[in-house]
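# Observations on the model geometry
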Amino acid sequence: MEFINSIFGYPLGWLMWLCYKIVSNYGIALIIFTLLTKLILFPLAIKQQKSSLRMARMQPKLEELQKKYGKNKEKYNEEMLKLYDEEKYNPMSGCLPMLIQFPILFGLIDVIYKPMTHILRIPSDVIKLATDIATNNGSIMSYSPQLLAIQGISQNPQPYIDAMGADVVSHIQSLNLSFFGLDLSQTPTLALNVLIIIPILSGLTSFLFTMLTMKTNPSMQQQQGAGTGCMTKVMQYIMPIFSLVIAFQVPAGVGMYWIFSNVFSTFQQILLNKKYNPKIAAEEAEREYELQKKKKDKVKRQVVEVKEEKTGKVTEKTLTQKEIDRQRLAAARKRDAEKYGEEYVEVTDDDLKS
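Residue positions are given per chain, counting from 1 as you read along its sequence in written order. In keeping with the predicted nature of the model, local features appear solely for residues at pLDDT of at least 70, side-chain atom pairs appear and are counted solely at 80 or more, and the whole-chain, interface and lining totals rest on all residues. Side-chain descriptors were evaluated using all non-hydrogen atoms of the structure, hydrogens and water having been removed beforehand.

To define a nonpolar core, start from buried Ala, Val, Leu, Ile, Met, Phe, Trp, Tyr and Cys residues and group those joined through side-chain atoms within 4.5 Å. Any residue under 20% of the maximum accessible area for its type is buried, any over 50% is exposed, and the rest in between are partly exposed; the area is computed with a 1.4 Å probe on protein chains only. Among the nonpolar cores identified, the biggest contains 50 residues, and F33, M116 and L184 are the most heavily contacted of them. Secondary structure is summarised from DSSP: a helix means a run of H or I of at least four residues, a strand means a run of E of at least two, and numbering begins at the N terminus for each. Going through the elements one at a time, helix 1 (2–23), helix 2 (26–40), helix 6 (96–113), helix 8 (124–136), helix 9 (145–155), helix 10 (158–164), helix 11 (166–173) and helix 15 (252–275) are the ones with two or more residues in this core. Residues M55, M80, Y84 and Y89 belong to the second largest nonpolar core, which totals nine residues.

For N25, the position within the fold is in the loop between helix 1 and helix 2. Look at N25 and you get buried, because its relative accessible area is 16%. Contact criterion: two residues are considered in contact whenever any of their non-hydrogen atoms come within 4.5 Å of each other. Setting aside residues no more than four positions away along its own chain, N25 makes contact with Y20, N176, S178 and F179.

On to the pattern of salt bridges. Definition used for salt bridges: Asp or Glu carboxyl oxygen within 4 Å of a side-chain nitrogen of Lys or Arg. Taken as a whole and judged by the stated rule, the model has five salt bridges. Of the charged contacts in the structure, one is a salt bridge between K82 and E79, with a shortest N-O distance of 3.7 Å. Of this pair, K82 and E79 both sit in helix 5 (residues 73–87), three residues apart, roughly one helical turn. Where D110 meets K114, a salt bridge forms, and the shortest distance between an N and an O atom there is 3.2 Å. Each member of the salt-bridge network shares a partner with another, and the members are K75, E78, E79 and K82.

Within a predicted model, pLDDT stands for the predictor's per-residue confidence, ranging from 0 to 100. Across the protein, the average pLDDT comes to 78, with 77% of residues at 70 or higher. Here helix 13 (residues 219–226) stands out as the least confident element of the protein, with mean pLDDT 51; helix 11 is the most confident, with 92. Here residues 223–228 is a poorly scored stretch, pLDDT under 50, and it has 16 contacts once near neighbours within four places are set aside; other chains count.

Let's shift gears to the packing of aromatic side chains. Each pair of aromatic rings taken from Phe, Tyr and Trp, with Trp reduced to its six-membered ring, is defined by centres within 6.5 Å and is described as stacked if the planes are under 30 degrees apart, edge-to-face if over 60, and tilted in the remaining cases. Applying the stated criterion to the full structure yields five aromatic pairs. With centroids separated by 6.1 Å and ring planes inclined at 85°, the aromatic side chains of F179 and F260 adopt a geometry described as edge-to-face. With a gap of 81 residues between them, F179 in strand 1 (residues 178–179) and F260 in helix 15 connect regions that are remote in the sequence. Under the relative-accessibility criterion, F179 is labelled buried at 12%. The rule for a charge over a ring is simple: NZ of Lys or CZ of Arg within 6 Å of the ring centre, and within 35 degrees of the ring normal. Its guanidinium or amino end placed over the ring of W14, R121 lies 3.7 Å from that ring's centre, counting from NZ or CZ.

Quick look at helix 12 (residues 197–216) now. For helix 12, built from 20 residues, the straight-helix expectation of 28 Å at 1.5 Å per residue is met to within 8% by its first-to-last C-alpha distance of 28 Å. Among the residues of helix 12, those classed as buried are I198, P199, S202, G203, T205, S206, F209, T210, T213, M214 and T216. A helix's residues, less one, multiplied by 1.5 Å, set its expected span.

This part is about unusual backbone geometry. Both trends apply: most residues other than glycine have a negative phi, and most peptide bonds are in trans. Even without a glycine there, the phi angle at S24 is positive, about 55°. Position of S24 among the secondary structure elements: in the loop between helix 1 and helix 2. A positive phi angle is found at R121, which is not glycine, with a value near 55°. Counting through the fold element by element, R121 comes out in the loop between helix 7 (115–118) and helix 8.

Structure (C-alpha coordinates):
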(Lines give C-alpha, C1' and ligand atoms only; values in the text may rest on other atoms or scores of the structure.)
Protein backbone atom coordinates (compact mmCIF):
# COMPACT_ATOMS: atom_id res chain seq x y z
CA MET A 1 0.00 0.00 0.00
CA GLU A 2 2.89 2.36 0.77
CA PHE A 3 4.23 1.84 -2.76
CA ILE A 4 0.82 2.58 -4.34
CA ASN A 5 0.36 5.68 -2.20
CA SER A 6 3.79 6.97 -3.22
CA ILE A 7 3.14 6.44 -6.94
CA PHE A 8 0.00 8.59 -6.88
CA GLY A 9 1.25 10.85 -4.11
CA TYR A 10 4.30 12.09 -6.02
CA PRO A 11 2.47 13.96 -8.85
CA LEU A 12 -0.30 15.13 -6.51
CA GLY A 13 2.36 16.28 -4.06
CA TRP A 14 3.72 18.75 -6.62
CA LEU A 15 0.21 20.06 -7.23
CA MET A 16 -0.37 20.49 -3.49
CA TRP A 17 3.05 22.15 -3.11
CA LEU A 18 2.11 24.69 -5.79
CA CYS A 19 -1.21 25.43 -4.10
CA TYR A 20 0.48 25.91 -0.72
CA LYS A 21 3.17 28.15 -2.19
CA ILE A 22 0.45 30.45 -3.53
CA VAL A 23 -1.67 30.80 -0.36
CA SER A 24 0.63 29.62 2.50
CA ASN A 25 -2.37 28.03 4.26
CA TYR A 26 -2.93 24.29 4.28
CA GLY A 27 -6.74 24.40 4.41
CA ILE A 28 -7.11 26.93 1.60
CA ALA A 29 -4.47 25.08 -0.43
CA LEU A 30 -6.56 21.93 0.01
CA ILE A 31 -9.64 23.71 -1.39
CA ILE A 32 -7.68 24.90 -4.44
CA PHE A 33 -6.14 21.43 -4.82
CA THR A 34 -9.59 19.80 -4.79
CA LEU A 35 -10.94 22.28 -7.33
CA LEU A 36 -7.98 21.66 -9.66
CA THR A 37 -8.40 17.88 -9.48
CA LYS A 38 -12.09 18.34 -10.34
CA LEU A 39 -11.19 20.48 -13.34
CA ILE A 40 -8.64 17.89 -14.50
CA LEU A 41 -11.27 15.14 -14.24
CA PHE A 42 -14.06 17.24 -15.77
CA PRO A 43 -13.77 15.62 -19.26
CA LEU A 44 -14.36 12.23 -17.61
CA ALA A 45 -17.38 13.65 -15.78
CA ILE A 46 -18.81 14.79 -19.13
CA LYS A 47 -18.21 11.31 -20.55
CA GLN A 48 -19.99 9.74 -17.59
CA GLN A 49 -22.94 12.14 -17.98
CA LYS A 50 -23.23 11.31 -21.68
CA SER A 51 -23.18 7.63 -20.79
CA SER A 52 -26.08 8.23 -18.38
CA LEU A 53 -27.86 10.12 -21.16
CA ARG A 54 -27.55 7.17 -23.52
CA MET A 55 -28.84 4.81 -20.86
CA ALA A 56 -31.81 7.11 -20.24
CA ARG A 57 -32.66 7.07 -23.94
CA MET A 58 -32.65 3.27 -23.90
CA GLN A 59 -35.00 3.22 -20.92
CA PRO A 60 -38.25 2.52 -22.85
CA LYS A 61 -36.65 -0.41 -24.69
CA LEU A 62 -35.28 -1.81 -21.44
CA GLU A 63 -38.71 -1.52 -19.82
CA GLU A 64 -40.20 -3.38 -22.78
CA LEU A 65 -37.67 -6.15 -22.29
CA GLN A 66 -38.53 -6.22 -18.59
CA LYS A 67 -42.20 -6.76 -19.43
CA LYS A 68 -41.42 -9.53 -21.91
CA TYR A 69 -38.69 -11.41 -20.05
CA GLY A 70 -38.98 -10.19 -16.46
CA LYS A 71 -39.70 -13.70 -15.19
CA ASN A 72 -36.81 -15.21 -17.13
CA LYS A 73 -33.64 -13.52 -15.86
CA GLU A 74 -31.31 -15.39 -18.16
CA LYS A 75 -33.30 -14.47 -21.26
CA TYR A 76 -33.72 -10.90 -20.07
CA ASN A 77 -29.98 -10.45 -19.54
CA GLU A 78 -29.30 -11.99 -22.95
CA GLU A 79 -31.70 -9.61 -24.70
CA MET A 80 -30.42 -6.67 -22.68
CA LEU A 81 -26.82 -7.37 -23.73
CA LYS A 82 -28.01 -7.58 -27.35
CA LEU A 83 -29.59 -4.15 -26.96
CA TYR A 84 -26.40 -2.74 -25.45
CA ASP A 85 -24.46 -4.16 -28.38
CA GLU A 86 -26.87 -2.63 -30.91
CA GLU A 87 -26.71 0.76 -29.19
CA LYS A 88 -22.92 0.46 -28.71
CA TYR A 89 -23.35 1.13 -25.00
CA ASN A 90 -20.95 -0.06 -22.29
CA PRO A 91 -22.73 -0.33 -18.90
CA MET A 92 -19.37 -0.24 -17.10
CA SER A 93 -18.39 3.14 -18.57
CA GLY A 94 -20.21 4.97 -15.76
CA CYS A 95 -17.98 3.32 -13.16
CA LEU A 96 -14.70 4.67 -14.54
CA PRO A 97 -14.82 8.20 -13.03
CA MET A 98 -15.70 6.71 -9.65
CA LEU A 99 -12.83 4.23 -9.80
CA ILE A 100 -10.38 7.01 -10.67
CA GLN A 101 -11.28 8.67 -7.36
CA PHE A 102 -9.51 5.88 -5.46
CA PRO A 103 -5.99 6.52 -6.87
CA ILE A 104 -6.50 10.22 -6.10
CA LEU A 105 -7.51 9.27 -2.57
CA PHE A 106 -4.41 7.10 -2.12
CA GLY A 107 -2.21 9.91 -3.43
CA LEU A 108 -3.94 12.47 -1.24
CA ILE A 109 -3.40 10.35 1.88
CA ASP A 110 0.29 10.15 1.00
CA VAL A 111 0.42 13.96 0.55
CA ILE A 112 -1.29 14.54 3.92
CA TYR A 113 0.77 11.89 5.74
CA LYS A 114 4.04 13.32 4.39
CA PRO A 115 3.90 17.13 4.46
CA MET A 116 7.68 17.35 4.95
CA THR A 117 8.19 15.46 1.69
CA HIS A 118 5.51 16.99 -0.51
CA ILE A 119 5.00 20.52 0.81
CA LEU A 120 8.21 21.50 2.60
CA ARG A 121 10.43 19.49 0.18
CA ILE A 122 12.87 18.54 2.95
CA PRO A 123 15.56 15.97 1.97
CA SER A 124 14.72 12.37 2.89
CA ASP A 125 17.75 11.93 5.18
CA VAL A 126 16.71 14.96 7.26
CA ILE A 127 13.13 13.66 7.41
CA LYS A 128 14.38 10.29 8.66
CA LEU A 129 16.37 12.03 11.38
CA ALA A 130 13.30 13.98 12.51
CA THR A 131 11.02 10.91 12.53
CA ASP A 132 13.64 8.88 14.42
CA ILE A 133 13.74 11.52 17.14
CA ALA A 134 9.93 11.55 17.30
CA THR A 135 9.59 7.79 17.66
CA ASN A 136 12.53 7.50 20.08
CA ASN A 137 11.07 10.08 22.46
CA GLY A 138 8.60 7.54 23.84
CA SER A 139 5.79 8.55 21.48
CA ILE A 140 3.38 5.94 20.27
CA MET A 141 4.06 4.88 16.68
CA SER A 142 1.87 6.99 14.45
CA TYR A 143 0.19 6.36 11.10
CA SER A 144 2.41 9.21 9.93
CA PRO A 145 5.89 9.59 11.48
CA GLN A 146 6.20 12.95 9.72
CA LEU A 147 3.09 14.37 11.37
CA LEU A 148 4.31 12.92 14.66
CA ALA A 149 7.62 14.75 14.19
CA ILE A 150 5.81 18.02 13.38
CA GLN A 151 3.78 17.68 16.58
CA GLY A 152 6.99 16.88 18.52
CA ILE A 153 8.71 20.00 17.15
CA SER A 154 5.67 22.08 18.14
CA GLN A 155 5.72 20.74 21.71
CA ASN A 156 9.48 20.43 22.34
CA PRO A 157 11.70 21.77 19.51
CA GLN A 158 15.05 21.62 21.31
CA PRO A 159 16.00 17.95 20.54
CA TYR A 160 15.26 18.59 16.88
CA ILE A 161 17.26 21.84 16.86
CA ASP A 162 20.25 20.00 18.34
CA ALA A 163 20.05 17.28 15.68
CA MET A 164 18.99 19.18 12.55
CA GLY A 165 19.73 22.82 13.18
CA ALA A 166 17.55 25.83 13.93
CA ASP A 167 16.96 26.69 10.25
CA VAL A 168 15.42 23.31 9.41
CA VAL A 169 13.26 23.37 12.55
CA SER A 170 12.14 26.92 11.77
CA HIS A 171 11.23 25.81 8.24
CA ILE A 172 9.10 22.97 9.64
CA GLN A 173 7.46 25.28 12.19
CA SER A 174 6.44 27.60 9.35
CA LEU A 175 4.07 24.91 8.01
CA ASN A 176 0.50 25.95 8.77
CA LEU A 177 -1.69 22.83 8.96
CA SER A 178 -4.72 24.59 10.40
CA PHE A 179 -7.97 25.72 8.81
CA PHE A 180 -10.12 28.15 10.82
CA GLY A 181 -8.58 26.81 13.99
CA LEU A 182 -8.86 23.12 13.04
CA ASP A 183 -5.62 21.14 13.02
CA LEU A 184 -5.99 19.10 9.81
CA SER A 185 -3.07 16.86 10.80
CA GLN A 186 -5.09 15.43 13.70
CA THR A 187 -7.36 12.40 13.35
CA PRO A 188 -11.00 12.95 14.38
CA THR A 189 -12.39 10.75 17.15
CA LEU A 190 -15.85 10.01 18.53
CA ALA A 191 -15.10 12.32 21.46
CA LEU A 192 -17.13 15.51 21.63
CA ASN A 193 -14.70 17.95 20.03
CA VAL A 194 -14.81 20.21 17.01
CA LEU A 195 -12.99 17.73 14.70
CA ILE A 196 -15.98 15.36 14.83
CA ILE A 197 -17.75 17.77 12.47
CA ILE A 198 -15.45 16.76 9.60
CA PRO A 199 -16.45 13.06 9.34
CA ILE A 200 -20.12 13.97 9.79
CA LEU A 201 -20.00 16.59 7.03
CA SER A 202 -18.01 14.19 4.86
CA GLY A 203 -20.71 11.51 5.06
CA LEU A 204 -23.57 14.02 4.81
CA THR A 205 -22.27 15.82 1.71
CA SER A 206 -21.56 12.46 0.08
CA PHE A 207 -25.15 11.37 0.77
CA LEU A 208 -26.64 14.63 -0.57
CA PHE A 209 -24.58 14.41 -3.74
CA THR A 210 -25.71 10.81 -4.18
CA MET A 211 -29.37 11.75 -3.78
CA LEU A 212 -29.01 14.55 -6.34
CA THR A 213 -27.43 12.16 -8.83
CA MET A 214 -30.13 9.52 -8.29
CA LYS A 215 -32.94 12.06 -8.57
CA THR A 216 -31.71 13.47 -11.87
CA ASN A 217 -30.79 10.09 -13.36
CA PRO A 218 -33.78 7.70 -13.40
CA SER A 219 -31.91 5.22 -15.60
CA MET A 220 -29.70 4.30 -12.63
CA GLN A 221 -32.70 2.53 -11.09
CA GLN A 222 -33.07 0.49 -14.26
CA GLN A 223 -29.36 -0.37 -14.17
CA GLN A 224 -29.70 -1.52 -10.57
CA GLY A 225 -32.67 -3.71 -11.42
CA ALA A 226 -30.81 -5.18 -14.37
CA GLY A 227 -27.84 -6.12 -12.20
CA THR A 228 -25.44 -3.90 -14.14
CA GLY A 229 -25.53 -0.78 -12.01
CA CYS A 230 -22.33 -1.23 -10.03
CA MET A 231 -22.15 2.51 -9.55
CA THR A 232 -25.75 2.76 -8.34
CA LYS A 233 -25.50 0.70 -5.16
CA VAL A 234 -21.98 1.90 -4.37
CA MET A 235 -22.95 5.57 -4.71
CA GLN A 236 -26.28 5.23 -2.94
CA TYR A 237 -25.18 3.48 0.23
CA ILE A 238 -21.55 2.43 0.44
CA MET A 239 -19.76 5.66 -0.48
CA PRO A 240 -21.42 7.91 2.18
CA ILE A 241 -20.81 5.26 4.86
CA PHE A 242 -17.26 4.75 3.59
CA SER A 243 -16.61 8.51 3.81
CA LEU A 244 -17.99 8.66 7.34
CA VAL A 245 -16.12 5.65 8.73
CA ILE A 246 -12.76 6.26 7.04
CA ALA A 247 -12.81 9.95 8.02
CA PHE A 248 -12.49 8.80 11.66
CA GLN A 249 -9.34 6.83 10.81
CA VAL A 250 -7.32 9.31 8.74
CA PRO A 251 -6.12 12.89 9.32
CA ALA A 252 -8.83 15.53 9.16
CA GLY A 253 -7.33 16.81 5.89
CA VAL A 254 -8.63 13.72 4.06
CA GLY A 255 -12.13 14.34 5.39
CA MET A 256 -11.89 17.98 4.35
CA TYR A 257 -10.92 16.87 0.85
CA TRP A 258 -14.06 14.69 0.70
CA ILE A 259 -16.25 17.56 1.89
CA PHE A 260 -14.88 19.98 -0.71
CA SER A 261 -14.96 17.29 -3.38
CA ASN A 262 -18.62 16.51 -2.69
CA VAL A 263 -19.57 20.19 -2.72
CA PHE A 264 -17.74 20.81 -6.02
CA SER A 265 -19.24 17.61 -7.46
CA THR A 266 -22.73 18.79 -6.55
CA PHE A 267 -22.26 22.09 -8.41
CA GLN A 268 -20.66 20.20 -11.28
CA GLN A 269 -23.66 17.85 -11.48
CA ILE A 270 -26.09 20.77 -11.52
CA LEU A 271 -24.08 22.35 -14.34
CA LEU A 272 -23.96 19.13 -16.38
CA ASN A 273 -27.68 18.54 -15.88
CA LYS A 274 -28.42 21.82 -17.62
CA LYS A 275 -26.79 20.52 -20.82
CA TYR A 276 -27.04 16.73 -20.48
CA ASN A 277 -30.10 15.93 -18.37
CA PRO A 278 -30.83 12.16 -18.21
CA LYS A 279 -34.29 12.74 -16.72
CA ILE A 280 -35.40 14.96 -19.61
CA ALA A 281 -33.78 12.55 -22.09
CA ALA A 282 -35.71 9.64 -20.55
CA GLU A 283 -39.00 11.53 -20.81
CA GLU A 284 -38.33 12.48 -24.44
CA ALA A 285 -37.34 8.90 -25.28
CA GLU A 286 -40.54 7.62 -23.64
CA ARG A 287 -42.70 10.01 -25.70
CA GLU A 288 -40.86 9.12 -28.91
CA TYR A 289 -41.13 5.41 -28.16
CA GLU A 290 -44.89 5.64 -27.51
CA LEU A 291 -45.36 7.65 -30.72
CA GLN A 292 -43.48 5.06 -32.76
CA LYS A 293 -45.43 2.29 -31.08
CA LYS A 294 -48.73 3.95 -32.01
CA LYS A 295 -47.60 4.38 -35.60
CA LYS A 296 -46.58 0.73 -35.75
CA ASP A 297 -49.89 -0.37 -34.27
CA LYS A 298 -51.74 1.81 -36.77
CA VAL A 299 -49.90 0.11 -39.62
CA LYS A 300 -50.45 -3.35 -38.20
CA ARG A 301 -54.15 -2.88 -37.46
CA GLN A 302 -56.94 -1.35 -39.50
CA VAL A 303 -60.57 -0.76 -38.53
CA VAL A 304 -63.12 -1.49 -41.30
CA GLU A 305 -66.88 -1.52 -41.49
CA VAL A 306 -68.50 -4.93 -42.05
CA LYS A 307 -72.16 -5.38 -43.15
CA GLU A 308 -73.89 -8.55 -41.97
CA GLU A 309 -75.78 -10.30 -44.83
CA LYS A 310 -78.78 -11.46 -42.75
CA THR A 311 -79.47 -8.40 -40.60
CA GLY A 312 -77.86 -5.69 -42.71
CA LYS A 313 -76.27 -4.36 -39.54
CA VAL A 314 -73.00 -2.51 -40.00
CA THR A 315 -70.27 -3.14 -37.37
CA GLU A 316 -66.60 -2.20 -37.02
CA LYS A 317 -63.94 -4.88 -37.17
CA THR A 318 -60.23 -4.51 -36.40
CA LEU A 319 -58.08 -6.34 -38.93
CA THR A 320 -54.68 -7.74 -38.08
CA GLN A 321 -51.68 -7.23 -40.34
CA LYS A 322 -52.15 -10.75 -41.71
CA GLU A 323 -55.78 -10.05 -42.62
CA ILE A 324 -54.83 -6.76 -44.23
CA ASP A 325 -52.15 -8.49 -46.32
CA ARG A 326 -54.67 -11.19 -47.31
CA GLN A 327 -57.19 -8.57 -48.48
CA ARG A 328 -54.55 -6.66 -50.44
CA LEU A 329 -53.30 -9.81 -52.21
CA ALA A 330 -56.86 -10.94 -52.93
CA ALA A 331 -57.73 -7.54 -54.42
CA ALA A 332 -54.60 -7.64 -56.58
CA ARG A 333 -55.48 -11.15 -57.85
CA LYS A 334 -59.05 -10.11 -58.68
CA ARG A 335 -57.77 -7.14 -60.70
CA ASP A 336 -55.37 -9.40 -62.61
CA ALA A 337 -58.08 -12.00 -63.19
CA GLU A 338 -60.47 -9.39 -64.61
CA LYS A 339 -57.76 -7.72 -66.67
CA TYR A 340 -56.31 -10.86 -68.21
CA GLY A 341 -59.41 -13.07 -68.11
CA GLU A 342 -57.82 -15.57 -65.78
CA GLU A 343 -59.43 -17.64 -63.04
CA TYR A 344 -59.32 -16.10 -59.60
CA VAL A 345 -57.45 -18.18 -57.00
CA GLU A 346 -58.18 -17.76 -53.31
CA VAL A 347 -55.31 -16.52 -51.11
CA THR A 348 -53.85 -19.12 -48.76
CA ASP A 349 -51.54 -18.86 -45.71
CA ASP A 350 -48.72 -20.25 -47.83
CA ASP A 351 -49.14 -17.29 -50.21
CA LEU A 352 -48.71 -14.91 -47.29
CA LYS A 353 -45.45 -16.57 -46.22
CA SER A 354 -43.74 -15.92 -49.53
